[in-house]
Amino acid sequence: MQWTGLNDLREKYLSFFESKNHTRMASASLVPQGDKSLLLINSGMAPLKKYFLGQAVPPNKRVTTCQKCIRTPDIESVGKTARHGTYFEMLGNFSFGDYFKTEAIEWAWEFLTKTLEIPADRLWITIFESDDEAEQIWENHIGIPHERIIRLGKKDNFWEHGSGPCGPCSEIHFDRGEAYGPFENFEQASDCDRVIEIWNLVFSQFDSDGNGNYTEMKNKNIDTGMGLERLACAMQGVDNIFEVDTVQNIMKHISQFAGVSYKTDAKSDVSLRVITDHIRSTTFMVGDGIMPSNEGRGYVLRRLLRRAARHGRLLGITKPFLCEVCDTVINENASAYPELAEKRDYIKKIISVEEEAFAKTVDKGTEMLNGFMDDLAKNGKTVLSGDDAFKLSDTYGFPIDLTIEICEEKGITVDVDRFKELAQEQRAKAKADHLAKAGSSWADNSIKVEAPATVFTGYTDFSADAEILAIYKDGAEIENAVEGENVVIVLDKTPFYAESGGQVGDTGTIRIGENIAAVADTIKSEGHFLHIAEIVQGCLTKGSKVQAEIDKERRLSIMRNHTTAHLLQYALREVLGDHVHQAGQLVNDKACRFDFNHFSAMTDEEIARVEQIVNAEIMASLPVTMEEMAIDEARKLGAMALFGEKYGDTVRVVTADKSVEFCGGTHVSNTSQIGLFKIVSESSVASGVRRIEAATGMGVLAILNGYKEAIEKSAKAIKLANVNELPEKCAAMFADSKEKDRQIESLSQQIANVKMAGLFDGAEEIRGVKVVSAMMTGTSPDALRKLGDSVKDKEGDIIALFAGIDGDKGTFYCVCTPGAVKRGANAGKIVQRVSAITGGKGGGRPDSAMAGVGKTYMVDEALMGFRSIADEFIG
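So, a few notes on the structure that sits alongside this text. (Residues numbered from 1 in each chain as written. Predicted model: local features only at pLDDT ≥ 70, side-chain atom pairs only at ≥ 80, totals over all residues. Heavy atoms only, no water.)

### Re the pattern of salt bridges
- Applying the stated criterion across every chain, the model contains 46 salt bridges.
- Here R24 ties to E11 by a salt bridge, and the two come within 2.8 Å at their closest N and O atoms. You can see R24 sitting in strand 1 (residues 23–25) and its partner E11 sitting in helix 1 (residues 6–18), a full 13 residues away along the chain.
- Judged by relative accessible area, which is 37%, E11 ranks as partly exposed.
- Linking R418 and D387 is a salt bridge whose minimum nitrogen-to-oxygen distance equals 3.1 Å. Pair noted here: R418 is in helix 16 (residues 416–438) and D387 is in helix 14 (residues 386–396), with a separation of 31 residues, a long-range link.
- Taking the relative accessible area as the measure of exposure, R418 reaches 24% and is therefore partly exposed.
- For D387, a relative accessible area of 37% translates into the label partly exposed.
- Within this structure, R307, R310, E405 and E409 form a network of salt bridges that share partners. (Salt bridge = Lys/Arg side-chain N within 4 Å of Asp/Glu carboxyl O. Helix = DSSP H or I, 4+ residues; strand = E, 2+ residues; numbered from the N terminus. Buried < 20%, exposed > 50% of the residue type's maximum accessible area, 1.4 Å probe, protein only.)

### Things to note about the packing of aromatic side chains
- Per the counting criterion, the structure on display carries 26 aromatic pairs.
- Ring geometry for F52 versus F96: centroids 4.9 Å apart, planes at 65 degrees, classification edge-to-face. Placement of the pair is F52 in helix 2 (residues 49–52) and F96 in strand 3 (residues 87–96), with a sequence separation of 44 residues.
- Judged by its relative accessible area of 9%, F96 falls in the buried class.
- Taken together, the ring pairs in this structure connect Y13, F16, F17, F111 and W199 into an aromatic cluster.
- Over the aromatic face of F158 sits the side chain of K154, whose NZ or CZ is 5.4 Å from the ring centroid. (Phe/Tyr/Trp six-rings, centres within 6.5 Å; stacked < 30°, edge-to-face > 60°. Lys NZ or Arg CZ within 6 Å of the ring centre and 35° of its normal.)

### Considering the sheet that holds strand 29 (residues 689–696)
- Pairing is antiparallel in the open sheet, where four strands are placed in the order 23-24-29-28. The sheet is open, and its two borders are formed by strand 23 (582–587) and strand 28 (677–686), each paired with just one other strand. The sheet shows a mean angle of 15 degrees between the axes of neighbouring strands, direction not considered.
- Where strand 24 (residues 592–597) and strand 29 come together, six bridges link them in antiparallel fashion. For F594, the partnering residue across the bridge sits in strand 29 and is I692.
- Packed onto the sheet, helix 17 (residues 552–576) meets strand 23, strand 24, strand 28 and strand 29 and runs at close to 30 degrees relative to strand 24. (Pairing = 2+ DSSP bridges. Axes fitted to C-alpha atoms, helices over the stretch in contact; angles between N-to-C directions. Contact = heavy atoms within 4.5 Å.)

### Focus on the pairing of strand 13 (residues 463–473)
- Where strand 13 and strand 22 (residues 545–550) come together, five bridges link them in antiparallel fashion. The residue bridging E467 from the neighbouring strand is K545, located in strand 22.
- Sheet topology places strand 13 next to strand 16 (residues 486–491); four bridges connect them, and they run antiparallel. Along strand 16, the bridge assignment pairs I471 with I489.
- Pairing between strand 13 and strand 14 (residues 476–478): three bridges, direction antiparallel. Across the sheet, the residue bridging to I471 is I478, located in strand 14.
- Hairpin connection from strand 13 to strand 14: two residues lie between these consecutive antiparallel strands, with D474 at a positive phi of about 55 degrees.

These results come straight from atomic positions and should not be treated as a statement about function.
Structure representation (C-alpha cells):
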C-alpha cells in the first residue's frame, strides 16, 4: 500500500473501470439539469437519475464518473470539526440493467487490493441483515472470513428514498490502525473512527411503493459511491480531508496570507478549515456559472464566500485574498477539470467583486451587531430580535446565517421566526410591486396539448400550409373560434418562432380564405408552439387547413438584432476580456439588449472599440452559418454555451466569423444584412452584471434622426443659426452661468455674514453657553457649512444651528465650539433630534453635524424646539 496523491487516485479509479468496459463520463455541472428537486448536485448518482428512471438512454449500460458535489446542511459545523465539508468528489461505477452483485463486489475488491494494494486484513465488509446472496459472494467467491462480514439493519445498509428503485447495500470499511484506538469489536472501532467506511455498493433490485411494499425488479442496477477525499485519507495515512495533499496545499496558501500554521492553535484551525473548504466549493460553483445572489444556489454561494471572508478577518487578513487563494484551487484541480483554468480570470473576478462588496459592509454590520449584543448583555438578555437581525441583513447585506453564527459564539440566540416573517413580507411586497409594473397576461404555457409536437419550419420559411390541431379559450379546448375571441391555436407545423433564448415570439396571421386570426405572440409548451391570437374576421375550426404567415419585416429586424447579439458578445470579449459571458438578452424588432458579466462601467473608449469591431464585421459582409452537429463536435469548435443551460446530444451552432455559439434562434445569412450597429446605452442591472442596449439597421437611422432633431431644437431654443456652433455656444453659456452662480453665492455669503453679525448681539445664554439659530433661504449646504465653520473660530461657549432652504430641499447644520463640547454639547445628537421634528435624518461629530429636512414647512417648529433640546446637553 503506497502513498498516492488525490489526482492519481481519481485517474486510477476511472481508468480501472474503463478497463471493465465502462464509459467514462465527465462530471456533470453542480447546477442540476432538468431536476428541480435539487438545488445543487449532492451525489454521484444525482446526474444519472434520468438513466435509472428510464427517462433517458445512457451512452453505455456501464458508466463510471468522478462527480463534484456540494452538500450544505451542516455548513455551521464546517471548521468546528475536521470531519465536515461542503465540497467533495464522489467516485462511482454504475450499471443500468447490466451486471449486478457479483461483478460489483469482484471489481471493488480487485481495485482496492490489487490496483491500490490495500492489505486485505485492513478491510471489513458490512451487508444488509437479510442479504444472503451478498454474504455468499463475499465469503465464498472473494474469500472474506465469515467473522469480517458484519450484518446490519435497514438504517445502515439499505438504500431507499421515498418510492421507486431501492435495495440493500454492502459497504467496505478501512481499518486505520492502532493509532486511532483499540479494536475490541467492529461497532466500537467504528464509533472511535478507527474503522471508516470508504465505499458503498448499492444493489438496486426492488421497486418500492413507499408504503413498505417491495417488488423485485426485472432489470437490476448497480450504484456505487466512494468519496475521493476519504479514500485519499486512507491512502495517505492522514487524519482528515484537510490533510490530503491537494487540500493541504490550498490551506498552506491561506496560512501564508494569515501568517499562521495549522495545528498550532485550535481557534485559528477552525478558520483555516472554514476558508479551505469554502474556497473549494465557491471556485467550482462559480466555474459552473453560479453567480452570487440572495436566492437559491446563488445565496449558497454568497453565504460560503462571506463566511470564508469573515474567517479571514478572524485570522487577521484585512485585504481581499480569496480571489488569490482560488488560483491554488484551480491549479490543484486543473488536470481533472481543465475548464477551471479556462475560466480562471472570470472565476477570480466574480470572487473578488463579492469579497470587496462584503468588505465594504462587514465592518459596519459587525459594529452594529456588536452594539446589539452589548445592549443585550447590559439588560441581561440572550435573544437578538428578528427585527434587529433583519435590519442587519436588509441594510448591510449581513447574512442571517453569519448573524446566528456570531451570536452563538457569544451565547446569544436569534429570533429566526420573526426574521423569516419580515423577510417574507419584503418578498411579498417586492412581488406585488413587480406584478403591478409588469401587468398580467391572459395566456400562458400551462395548456396541456394532446397532439404530436409542432414541426418548426421558420428557419427557412416565412409561411407554411398547416392544419389546426387544437384551439383553446380560457384554458379549455374548443372546436370553433369566432370573430372577437382571444384564443390559443396549435398547428401541426409553423413558421412562427416561439419565444426562447431571449428572442421574442413571432407575430403574423393564420388564415383560411377570409377567415383571419391575428397572432400577437408565440410561446412554447412541451414541444408545442402556442399561437396567442385574436380572431379578427370570420371563424376558425379545429381540423381546418390554413396558411400561417409571419410578419416578415418584423422577423427580419429580429434576425438582425439576434445576429448582432452574437457579434456583440465576441466584441465585448475582445475588448474587456474572456471573463465576459452572456447573462441574459432580449432581441426583438426594435432593439438588441444584452446583459453580460463585467464589474465596472465601460469607458467611452471601450464602447467605441466595441462599436468599431461589430461594424467592421458587418461591413466585411461575412457569411453566417447555422449547422446542427453533435455536442462534442461543437465544443471542439470552441462554441460558446450559456452557463447552466441544458443541451441535448445534438446542438445548433451559429457561426459568424470568429463568433461561434450554441443557439436555436433565427439569424441573417450574411452580416451585411444587419446594415449598421449603434450602442444606445450601457448600464448596471445587478452586481457584476452590465447591460448594453443597441440598435441595428433602420433603428440606427431612427436614432440619428432623433439626435438631429434634438440638436436643431436646442439650437433654435438659444437662437443659434448654425448648429455646428452649438458645442462652443453651450460651453460659453455654461461658463457664464457658473460665473453668475459664483457671484450669487458670494452675495449670499455676504448677506449671511451680515446676519451672523447680528445673531450674537444679545444672544440668549443657557448656563453660560450662547445658543443661536437662524433660517437662511436660498442657501446651499456648502454655504451653511462655511457659516458654521466661522462660528467654530469664535471665542466662548457657543451652540449654533442653521437651517438652509434651497428650493424644495432643506438642510440643518449644527456647530459647537470646543468649550461647548466640554460642557456636554454634541452637535451630532442635537441636529439629529431637531431634524427628527421635520421627519428628517442625520448626525455627525460632537463639534459639527448636518441633517436633512423632512417637511420644509416644519422648519420653524424645529427651530423653536432647538433651545430646549440644547438645554438638555449643557452641563
